[in-house]
Amino acid sequence: MVNIKDVAARANVSVGTVSRVLAKNETVGKELRELVEATIRELNFRPNGVARGLRRSRTDMIGLVIPDITNPFFAELAKHVEAIASQAGFSVLLSITNDDPKIELAQINSLLKSYPTGLIVVPTQFGASKGWSSDVATVAVDRRFAGLPLISVNHYRGAGLAAAHLVALGHERIAYIAGSADAPVSRERRAGFLNLLGTAGVRCEAVEGHFDYASGETLGRFLLDRPPHERPTAIATASDQQAIGLLRAASDLDLKVPDDVSIIGFDDIPLANLVTPRLTTISQPVEQIAARAFAAITGTDNGPLQDDYLEATLVVRGSTAPPR
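To start, this report covers the structure provided alongside it.

The rules behind these values
- Residues numbered from 1 in each chain as written.
- Predicted model: local features only at pLDDT ≥ 70, side-chain atom pairs only at ≥ 80, totals over all residues.
- Heavy atoms only, no water.
- Helix = DSSP H or I, 4+ residues; strand = E, 2+ residues; numbered from the N terminus.
- Buried < 20%, exposed > 50% of the residue type's maximum accessible area, 1.4 Å probe, protein only.
- Polar contact = N/O pair within 3.5 Å; in protein donor to acceptor, adjacent residues only side chain to side chain.
- Contact = heavy atoms within 4.5 Å.
- Pairing = 2+ DSSP bridges.
- Axes fitted to C-alpha atoms, helices over the stretch in contact; angles between N-to-C directions.
- Expected span 1.5 Å × (residues − 1).
- Arc of directions from axis to C-beta.
- Core = buried A, V, L, I, M, F, W, Y, C linked by side-chain atoms within 4.5 Å.
- Parallel < 35°, antiparallel > 145°, perpendicular 65-115°, else oblique.
- Left-handed = near helix turned anticlockwise from the far one by under 90°.

**What about the side chain of His-171?**
Topologically, His-171 is positioned in the loop between helix H7 (155-168) and strand S6 (174-178). According to the relative accessible area criterion, His-171 is buried, its value standing at 1%. A polar contact of 2.3 Å, which involves the side chain of His-171, links it to the backbone oxygen of Pro-322. Setting aside its immediate chain neighbours within four residues, His-171 contacts Leu-166, Val-202, Thr-233, Ala-234, Ser-262, Ala-321, Pro-322 and Pro-323.

**Digging into the sheet that holds strand S3 (residues 118-121)**
Taken in spatial order, the six strands line up as S2-S1-S3-S4-S5-S11 in an open sheet, and their pairing is parallel. What marks the edges here is a single partner per strand, and that holds for strand S2 (91-96) and strand S11 (308-310). If you compare each strand with its neighbour and ignore which way they point, the axes differ by 20 degrees on average. Here three bridges tie strand S5 (residues 150-153) to S11, and the two strands are oriented parallel to one another. When the sheet's bridge partners are listed, Ile-151 is paired in S11 with Asp-308. Strand contacts of helix H11 (residues 286-298): strand S1 (61-66), S3, strand S4 (137-141), S5 and S11, with the helix running at about 160 degrees to S4, the strand carrying the most contacts.

**Notes on the environment of Val-7**
By secondary structure assignment, the location of Val-7 is in helix H1 (residues 4-11). Looking at Val-7, the relative accessible area reads 0%, which means it is buried. In the structure, Val-7 is positioned 87 residues away from Leu-94 in sequence and 33 Å away in space, judged by C-alpha atoms. Among residues more than four places away in sequence, those in contact with Val-7 are Val-2, Val-18, Val-36, Thr-39, Ile-40, Leu-43 and Phe-45.

**Notes on helix H8 (residues 184-200)**
With 17 residues, H8 extends 24 Å between its outermost C-alpha atoms, agreeing within 8% with the 24 Å of an ideal straight helix rising 1.5 Å per residue. Regarding H8, the residues found buried are Val-185, Ser-186, Arg-189, Gly-192, Phe-193 and Leu-197. The buried residues of H8 occupy one face: seen down the axis, they fall within an arc of 140 degrees. Lining the buried residues of H8 we find H7, S6, strand S7 (204-208), strand S8 (234-237) and strand S9 (262-267). Gly-201, located one to two residues past H8, shows a positive phi value of around 75 degrees.

**Here we look at the nonpolar core**
Ile-62, Leu-77, Ile-120, Val-141, Ile-151, Phe-193 and Ile-235 are the most contacted members of the largest nonpolar core, which totals 65 residues. The residues contacting Ile-151, other than those within four sequence positions of it, are Val-139, Ala-140, Val-141, Asp-142, Ile-289, Arg-292, Ala-293, Ala-296, Asp-308 and Leu-310. With 12 residues, the next largest nonpolar core counts Ile-108, Leu-119, Val-121 and Leu-150 among its residues.

**Some points on the packing of H1 against helix H3 (residues 30-43)**
Helix packing for two helices is described by the angle between their axes and how far apart those axes are. The geometry of H1 relative to H3 is characterised by a closest axis approach of 9 Å and an angle of 120 degrees between their N-to-C directions. For the element pair H1 / H3, the angle class is oblique. For the pair H1 and H3, the sense of crossing is right-handed. Of the residues in H3, those in contact with Asp-6, Val-7, Arg-10 and Ala-11 of H1 are Leu-35, Val-36, Thr-39, Ile-40, Glu-42 and Leu-43.

**Overview of the pairing of S4**
Burial runs high along S4: four of the five residues are buried. In the sheet, S3 pairs with S4 via four bridges, with the strands oriented parallel. Each residue of the ladder has a partner; that of Leu-119, found in S4, is Thr-138. Alignment of S4 against S5, held across two bridges, turns out to be parallel.

Below, the structure written as structure tokens:
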């Protein structure tokens, strides 16, 4: 295997000169730099990124820590982070915590041993605090992580958009399927939804579940398996996964969406535009979130690490309408 000494010998320069060319050090003259670069191409030399990183205490890698790769939102986030990083010449080390704080801490400490340029962390859903010591640039995404700057949509205002949409349609019997009350994101979305309804003078039946498909289906059946004058005419959920499970419950009960019940989700995962009817939802700008997080940890945003809130948007599709 060709190493840096082989390049130096073939070009008849010092190892230090080759190293400076690899680091794009401007102190190397143009002719000498071109000679070394030509020799690198001739020998097909590929520098060891980790070894170079150890010398400068950083590698051209970033770490991405997410709770669950099967969650479509986190999978999409990972896709965008990888695409943005790759375009900038970085590789991504992915770690999955299974929403376990102990695994999360172990994974982060393991990533730090690779000398990454920075870390993007989606914390476990029940909240956490920074349990490691490092000067590596780190940001939290989507969920608050004590001690770290947060890049996220405003969950409270996003849920308020869902409530305002249902009120504008004239719905008066409204229900809400929340995530776990222990999860900060769930509490923010629930508060945003219920407070907007309260301001509009509309009562709401709220039930607590989890952010998954099964929770939406089970709680949806509980809310919808009632006489017509007792069941809600609209149900909002804390996630698209819940909303899609709710669509299944409505279908099993022979209820038509949106004629019998309007359904609105949160996240705008790719599947939201594929189900029947297509799901009205609150869209998170996932690609923009990924770009902001990458810029923050690599310093390309030219600013200090700080909280950065993006706005969610309402996407109206076929799962909401009556009554008026």
